[in-house]
Amino acid sequence: MGFSIALAGKGGTGKTSIAGLLIRYLTEKRKGPILAVDADANANLNDVLGVAVTDTVGHIREEASETAGGRPAGMSLDEYFEFRVNQALVEAKGFDLIVMGRPEGPGCYCAANHIIRRYTDHLSDRYPYLVMDNEAGLEHLSRRTTQDTDLLIVVSDSSIRGLKAAERVFELVSELKLRIKRSVLIVNRANGEAINPELMNAIRADNMSLSGVIPSDELIFKYDLEGRPLIDLPADSKAVKAAYAIFDKLAIP
Ligand SMILES: Nc1ncnc2c1ncn2[C@@H]1O[C@H](COP(=O)(O)OP(=O)(O)OP(=O)(O)O)[C@@H](O)[C@H]1O
Ligand SMILES: [Mg+2]
């Protein structure tokens, strides 16, 4: 099992953007391919990474359980599933992406999560790094999709509400004993390099380990509008520079 990093935090704070920048950082600065896992039902990590998705684990699971799904005679459901998941893996330069997708049909959610967990554990043996983008909220923690993680990056915007949501993530991690080795906070979309004193006090009061601040970057808005992948942002853009300085400090092995 490689070094695993997961993202969490309130909706719209920048989890997916930071996951994309981190994947780019690891492809540039570390050896070996990265397994990118999009565990958000509303998948969009592929847009940030600039790759097209052909299939999702949720869909494969549905198809495999509904019918024999074109399964060759003599192939067990498990073997077939693994074969199809391998087919759904998007191969790109320096990383591969697997997308969990939307749960289809009632009651599928837990099953799909359980399966992705099993196969990503299995898959991740082949990669020195795993980066998992999660949906907003706490579900992925309470469902334990995010556990056995080396580094959890909790993202907040520079609002007290964002920080409160981050605080709940930290609390839940310790309450549920999620075997997460280290959890850190990144404040994203800040107005400038620094954050205001009230926010800093709240971070200190709650003992959250702040790794750094990423300013709001108008170039990200521009790329978003033009439908360009954030992974192509220039190296000297504000957000990339700030994110890279934080990743350097995180001392990812
Ligand atoms: N530093 C930044 N400066 C400006 N815009 C940003 C920055 N970071 C992210 N954004 C923009 O904010 C929006 C939300 O970002 P993103 O999708 O990464 O958040 P998220 O936490 O993954 O959201 P969700 O909870 O919906 O998955 C996007 O439009 C993105 O382009
Ligand atoms: Mg997202």
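Structure first, text after, so check above.
What you see is a predicted model, and the numbers here were worked out from it, not measured in a lab.

Notes on the overall build of the protein
Piece 1. Across its full length, the protein carries ten helices and eight strands.
Piece 2. Computed over C-alpha atoms, the radius of gyration of the protein comes to 18 Å, within 12% of the 18 Å expected from 2.2 N^0.38 for 253 residues, which places it in the range of a compact globule.
Piece 3. The principal-axis extents of the C-alpha atoms in the protein amount to approximately 65 × 40 × 35 Å.
Piece 4. By the burial criterion, 52% of the 253 residues in the protein qualify as buried.

Concerning the site of ligand 1
Piece 1. As a matter of local geometry, ligand 1 sits amid 19 residues, with Lys15, Thr16, Ser17, Asn188 and Asp217 nearest to it.
Piece 2. Between an oxygen atom of ligand 1 and a side-chain N or O atom of Arg189, the distance comes to 2.9 Å.
Piece 3. The set of elements that each furnish at least two residues to the shell around ligand 1 consists of α1 (15-29), β7 (180-190), β8 (210-215) and α9 (218-226).
Piece 4. Taken together, the residues of the shell around ligand 1 break down into five nonpolar, eight polar and six charged.

Quick look at α9
Piece 1. A side-chain oxygen of the first residue of α9 lies 2.9 Å from the backbone nitrogen of Leu219; this N-cap is Asp217.
Piece 2. Positive phi shows up at Gly227, right after α9, with a value of about 65 degrees.

Some details on the pairing of β7
Piece 1. Burial analysis of β7 places eight of its eleven residues in the buried class, which makes it a mostly covered element.
Piece 2. Of the strand pairs in this sheet, strand β6 (residues 149-156) and β7 are connected by seven bridges, and their pairing is parallel. Residue Leu151 lies in a different strand from β7, and its bridge partner there is Arg182.
Piece 3. The handedness of the β6 to β7 crossover, carried by helix α7 (residues 160-175), is right-handed.
Piece 4. As judged from the five bridges shared by β7 and β8, these two strands associate in the parallel manner. Counted as the bridge partner of Val187 is Val213 from β8.
Piece 5. Once you follow β7 into helix α8 (residues 197-205) and on to β8, the crossover reads as right-handed.

Section: the sheet that holds strand β3 (residues 90-91)
Piece 1. Within the open sheet, the eight strands sit side by side as β3-β4-β2-β5-β1-β6-β7-β8. Their pairing is mixed. The sheet terminates laterally at β3 and β8, the two strands that pair on one side only.
Piece 2. Its contacts with the sheet place α1 against β1 (3-9), β2 (34-38), β4 (95-99), β5 (129-133), β6, β7 and β8, and it is angled at close to 165 degrees to β5.

About the criteria used
- Residues numbered from 1 in each chain as written.
- Chains lettered and ligands numbered in written order.
- Predicted model: local features only at pLDDT ≥ 70, side-chain atom pairs only at ≥ 80, totals over all residues.
- Heavy atoms only, no water.
- Helix = DSSP H or I, 4+ residues; strand = E, 2+ residues; numbered from the N terminus.
- Rg over C-alpha atoms; globule rule 2.2 N^0.38 Å.
- Buried < 20%, exposed > 50% of the residue type's maximum accessible area, 1.4 Å probe, protein only.
- Near = heavy atom within 4 Å.
- Polar contact = N/O pair within 3.5 Å; in protein donor to acceptor, adjacent residues only side chain to side chain.
- Nonpolar A, V, L, I, M, F, W, Y, C, P; charged D, E, K, R; others polar.
- Pairing = 2+ DSSP bridges.
- Right-handed = clockwise from strand over helix to strand, strands pointing away.
- Contact = heavy atoms within 4.5 Å.
- Axes fitted to C-alpha atoms, helices over the stretch in contact; angles between N-to-C directions.

No statement about biological role is implied by the geometric values presented.
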